Amino acid sequence: MSFVKSIIAAGLLAGVVSVGTAQAEFPERAVTLVVPFAAGGSTDVVARVIAERMSTDLGQQVVVQNVGGAGGSLGAGNVARAEPDGYTILMGTVATHALNPLILKNKPYDAETDFAPVSLLVVVPNVLVVNPQLPAKDVKELLALLKAEPEKYSYASSGNGTPLHLSGELFNAMAGVKMQHVPYKGSGPALTDVIGNQVSIMFDNLPSSSGHIKAGTLRALAVTTAERAPSFPDVPTMAEAGIPGYETYTWNALFAPKGTPKEVVDRLNASAKVAMADPAVVERMKEFSATVVASSPEELAAHVKAEMAKWTPVVRDANVQMD
């Protein structure tokens, strides 16, 4: 997570920026924070925790609105077309701002030009898990199995074109193996079949697999970030496990529509930093194995560019396209 680590360091040095007189005029009414997924998921939970703290700082309610559909593109597209006044903002993710723009044939927005970046808030590790009956106690043993019998083994994901699907494709490419992809309608059904050994392997968000790992119904082989997850310090990183340079993670970031005045973006950024510096928020994020970032708008813009560059060849080589 070297790129993200540099953002975190810069954010900690910068601290919470001051808000000038012009910025203090915003907001004069409630702000709508669009979550482009259904209620109850990890993005929704992160959004609600942060919205509550930002409401206190802004002196106006930040109201979460769930607009699910099209893998996040429906809600993101709505924000891209919203009035650029700061009163409608987006909780963006790797799906809305890196993968969907590469995968969708009909693109409802341009991830780099149709938004005003506000702040990269948190990053959350993914984890490579296997059914305990699979004779692989680490990544080295898994690679030996996959290379001994090419195309025999399959991996589950939460659906075609999802970050977890493409985490598997990146693993295939970097490790020189060929696991078959089995898409499900969500992580829940996929996890159920991996635990039941209908499929042996899965990349998942660490928070949703953590209980199963602790219970012993899944075996964690590696986390997919550059550093080990504090909640599972004994699980190595993918680089430590033998695939240097492999790094995938889920992230959440705030975006406003393009054309939003700089002073409004700065006010939202300042409020996000206040929220992310709150010890109660930090502790809540730790429950999700999330690392607080709280970047500047410029750092978020650079992050989106870096993510697009990373995933472009993966999507191209896997020939993933969706209507």
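Here the structure is shown first, and the text comes after it.
All figures in this text were calculated on a predicted structure; none of them were measured in a lab.

(A) Structural view of the layout of surface pockets. Roughly 980 Å³ of volume is contained in the largest pocket. Around the largest pocket, the lining is made up of 41 residues, and of these Phe37, Ser158, Thr162, Pro163 and Asn205 lie nearest the centre. Elements with a contribution of two residues or more to the lining of the largest pocket: α3 (42–58), α5 (94–103), β4 (115–130), α7 (163–175), α9 (206–215) and β9 (249–257). Here the lining of the largest pocket gets five residues from one element, more than from any other, and that element is α3. The class makeup of the residues in the lining of the largest pocket is 17 nonpolar, 21 polar and three charged.

(B) Representation of the pairing of strand β3 (residues 88–93). With five of its six residues buried, β3 lies for the most part within the structure. When strand β1 (residues 31–35) meets β3, the two strands line up parallel, connected through three bridges. Counterpart to leucine 33 in the pairing with β3 is isoleucine 89.

(C) Molecular detail of the side chain of arginine 267. Examined against the element boundaries, arginine 267 turns out to sit in helix α11 (residues 262–277). Residue class for arginine 267 comes out buried when judged on its relative accessible area of 9%. A polar contact is formed between the side chain of arginine 267 and the side chain of aspartate 57, at a distance of 3.1 Å.

(D) Quick peek at α5. The buried fraction of α5 amounts to 10 of the 10 residues, a majority that puts the element mostly inside the structure. Among all positions of α5, only Val94, Ala95, Thr96, His97, Ala98, Leu99, Asn100, Pro101, Leu102 and Ile103 are buried. Against α4 (73–80), β3, β4, α7, β9 and α13 (297–318) lie the buried residues of α5. Taking the backbone nitrogen of alanine 95 as reference, a side-chain oxygen 3.1 Å away marks threonine 93 as the first, capping residue of α5.

(E) Here's a closer look at the packing of α11 against helix α12 (residues 279–286). α12 packs onto α11 with a crossing angle of 70° between their chain directions and a minimal axis gap of 5 Å. Put simply, α11 runs roughly perpendicular to α12. Residue-level inspection shows Ala275, Met276 and Ala277 of α11 in contact with α12, the latter providing Pro279, Val281, Val282 and Met285.

(F) Inspection of the packing of aromatic side chains at higher detail. Counted according to the given criterion, the structure contains six aromatic pairs. Plain terms: the ring middles of tyrosine 109 and phenylalanine 115 are 5.4 Å apart, the flat faces sit at 85° to each other, and that makes the pair edge-to-face. For the pair formed by tyrosine 109 and phenylalanine 115, the shared burial category is buried. Feature note: the residues Tyr109, Phe115 and Phe255 constitute an aromatic cluster, connected by ring pairs. Sitting over the face of the ring of tyrosine 87, arginine 29 holds its NZ or CZ atom 3.8 Å from the ring centroid. We note lysine 310 situated over the ring of tyrosine 249; from NZ or CZ to the ring centre the distance is 5.1 Å.

(G) The arrangement of unusual backbone geometry in detail. Here the residue pair phenylalanine 26 and proline 27 is connected by a cis peptide bond, since its omega of 0° sits within 30 degrees of zero. With respect to the helices, strands and loops of the structure, proline 27 is situated in the loop between α2 (21–24) and β1. Even without glycine at this site, glutamate 151 takes up a positive phi of about 70°. For glutamate 151, the position within the fold is in the loop between α6 (139–148) and β5 (154–157). Residue classification places glutamate 151 among the exposed positions, given a relative accessible area of 51%. Within the chain, asparagine 319 stands out as a residue other than glycine whose phi angle is a positive 55°. Structurally, asparagine 319 is set in the segment after α13.

(H) Region of the structure containing the packing of α3 against α12. Relative orientation of the contacting elements α3 and α12 amounts to 175°, with a least axis distance of 10 Å. By the angle between their axes, α3 is roughly antiparallel relative to α12. Contacts from Val45, Val46, Val49 and Arg53 in α3 reach Val281, Arg284 and Met285 in α12. Taken together, the residues of the contact of α3 with α12 break down into five nonpolar, no polar and two charged.

(I) Inspection of the nonpolar core at higher detail. Residues Phe171 and Ile201 are the most contacted members of the largest nonpolar core, which totals 53 residues. In this structure, phenylalanine 171 is in contact with Leu128, Leu142, Leu143, Leu146, Gly176, Val177, Met179, Phe203, Met238, Ile243 and Tyr246, ignoring residues within four places of it in sequence. Within the second largest apolar cluster, 34 residues are counted, among which are Val62, Tyr87, Leu268 and Val281.

(J) Highlighting the pattern of salt bridges. In this structure the tally under the stated criterion is 12 salt bridges. Note that arginine 53 is salt-bridged to aspartate 278, the shortest N-O span being 2.7 Å. Taken together, the positions of arginine 53 in helix α3 and aspartate 278 in the loop between α11 and α12 put the pair 225 residues apart, joining distant regions of the chain. Accessibility expressed as a relative area gives 23% for arginine 53, which makes it partly exposed. The partner of lysine 310 in a salt bridge is glutamate 307, with the nearest N and O atoms 3.2 Å apart. In this pair, lysine 310 and glutamate 307 are both assigned in helix α13, three residues apart and thus about one turn of the helix distant. Classification of glutamate 307 as buried rests on a relative accessible area of 4%.

Reading guide: rules and limits
- Residues numbered from 1 in each chain as written.
- Predicted model: local features only at pLDDT ≥ 70, side-chain atom pairs only at ≥ 80, totals over all residues.
- Heavy atoms only, no water.
- 1 Å grid on protein atoms, 1.4 Å probe; cavity = no way out; pocket = protein on both sides within 12 Å on 5 of 7 lines; lining within 4 Å.
- Points joined across faces, edges and corners; volume = space filled by probe spheres on them.
- Helix = DSSP H or I, 4+ residues; strand = E, 2+ residues; numbered from the N terminus.
- Nonpolar A, V, L, I, M, F, W, Y, C, P; charged D, E, K, R; others polar.
- Buried < 20%, exposed > 50% of the residue type's maximum accessible area, 1.4 Å probe, protein only.
- Pairing = 2+ DSSP bridges.
- Polar contact = N/O pair within 3.5 Å; in protein donor to acceptor, adjacent residues only side chain to side chain.
- Contact = heavy atoms within 4.5 Å.
- Axes fitted to C-alpha atoms, helices over the stretch in contact; angles between N-to-C directions.
- Parallel < 35°, antiparallel > 145°, perpendicular 65-115°, else oblique.
- Phe/Tyr/Trp six-rings, centres within 6.5 Å; stacked < 30°, edge-to-face > 60°.
- Lys NZ or Arg CZ within 6 Å of the ring centre and 35° of its normal.
- Core = buried A, V, L, I, M, F, W, Y, C linked by side-chain atoms within 4.5 Å.
- Salt bridge = Lys/Arg side-chain N within 4 Å of Asp/Glu carboxyl O.

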